[in-house]
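# Observations on chain architecture
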Amino acid sequence: MDAALLSPPRRIMRPIVNRWGKGEMAVLDFGDAKRPVDLVFVHANGFNAVTYRTLLAPLSASLRIWAPDLRGHGHSRLPVGAKGRRGWIDHRDDLIDLLAAMDGPPVVLGGHSMGAVSGLLAAAERPDRVSKLVLLDPVIWSRPAVLAFNLPLLDRLPSRIPLVKNALKRRAVFESREAAMKAYRGRGAFKGWSDLQLADYLTDGFMPSGDEMALTCAPATEAANYAAQAHDPWRALRRYPGPIHILKGAVQSTCSVTPGPRGLPNVTVQRVEGGNHFFPMLQPDIARDALFDAAV
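Reference entry: report on the structure contained in this document. Counting restarts for each chain, with residues numbered from 1 along the sequence as it is written. Only residues with pLDDT of at least 70 are given local features in this predicted model, and only at 80 or more are side-chain atom pairs given and counted; all residues enter the totals for whole chains, interfaces and linings. The basis for every side-chain value is the complete set of heavy atoms in the structure, and neither hydrogens nor water enter the calculation.

Here, a strand pair is defined by DSSP locating no fewer than two bridges between the strands. Elements are defined by DSSP. Helices are runs of H or I of four residues or more, strands are runs of E of two residues or more, and each kind is numbered from the N terminus. Strand order in the open sheet formed by eight strands is β1-β2-β4-β3-β5-β6-β10-β11, with mixed pairing between adjacent strands. Only two strands of the sheet have a single neighbouring strand rather than two, namely β1 (10-18) and β11 (267-272). Each adjacent strand pair in this sheet contributes to an overall mean axis angle of 20°, direction not counted. As judged from the four bridges shared by strand β2 (residues 21-30) and strand β4 (residues 65-68), these two strands associate in the antiparallel manner. Among the inter-strand pairings, F30 is bridged to a residue of β4, identified as I65. Interaxial angles span 0 to 180 degrees and are taken between N-to-C directions of axes, which are lines fitted to C-alpha atoms, for helices over the stretch in contact.

Given below as structure tokens:
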């Protein structure tokens, strides 16, 4: 396991062409390149694939894992800001393209937060390419809220979400990654993260911009993702026929799905005691065990 953690993943670029524009999706490739991909893992809004290196790398001793950078994040080079975008359908379509281009049997699809829901939406469209889903605190609003977000007269409602306003206030440029680490350490979403986890996020979370370092996921892009809530994860939960394992934090969870959800016999919900929305970073063993159990 230690050797797997220390072995850096390979970075590959995959072409993406769909109605949201063409470009390349950056993917971290963990594990034995000679075997088919076992697990695809998708990051949360504002983060990137490298953020989850300490979570995923130990699994690469047994599994091959692909971890993509979503549109507008990390090293992916895909256009953002599509006119009329109201949900995460662009992320869904990008993942569908990625799944369609993969050789081998169906994969386990996992993800955190927005990445979990984007994977769920993709799996509902291509269940032939996904054997199981492992969703780590997915952003799934209550059924009435999802209905409200999809009503034309209420299309401005998501812009009032506090996360949208806070994302727009994020500082976009620092003089160095070290300065960003000092600013982030122990604060906000990064409270409780190890320095190694924070350094992983900063590796692809910032890129050179002149003499400074700028966020790879611009504040406007992060805010637009928070505001784009007119997709329907409940419909996707009904449509996807395979096993779905949801793990949700006991506090500050973004997932409203409760254990034994009505009409969803293939969905199991696990409450992570002592965990919040960021339990994949704060309690990685729980998340890692769920991913490993699904993939073997």
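On we go.
What follows deals with the sheet that holds strand β7 (residues 173-174). If you walk across this open sheet you meet the three strands as β7-β9-β8, and the pairing is antiparallel. Each of the sheet's edge strands pairs with one partner strand only, and the pair in question is β7 and β8 (206-209). Bridge count between β8 and strand β9 (residues 212-215): four bridges; the pairing is antiparallel. When the sheet's bridge partners are listed, F206 is paired in β9 with L215.

All right, on to the pairing of β9 then. Pairing of β7 with β9 involves two bridges; the strand directions are antiparallel. If you follow F174 over to β9, its bridge partner there is M213. Remark: two residues form the turn of the hairpin made by β8 and β9, two consecutive strands paired antiparallel; G210 in that turn has positive phi of roughly 65°.

Put simply, buried Ala, Val, Leu, Ile, Met, Phe, Trp, Tyr and Cys residues joined by side-chain atoms within 4.5 Å make one nonpolar core. Exposure classes here rest on a 1.4 Å probe applied to the protein chains alone. A residue is buried below 20% of its type maximum, exposed above 50%, and partly exposed in between. Grouped together as the largest cluster of nonpolar side chains are 43 residues, with contacts concentrated most on V40, L133, L237, I244, I246 and V257. Contacts between residues were defined by any pair of non-hydrogen atoms, one from each residue, lying within 4.5 Å. Each residue touching V257, except ones within four places of it in the same chain, is listed here: I140, W234, L237, I246, K248 and V269.

In this section: the pattern of salt bridges. Every case where a carboxyl oxygen of Asp or Glu lies within 4 Å of a side-chain nitrogen of Lys or Arg is listed as a salt bridge. For the coordinates displayed, the defined rule picks out 17 salt bridges. Ionic pairing is found between R271 and E273, a salt bridge with its closest N-O pair at 2.9 Å. Residue class for E273 comes out exposed when judged on its relative accessible area of 53%. Through salt bridges with shared partners, one network takes in R19, R92, D93, E125 and R239.

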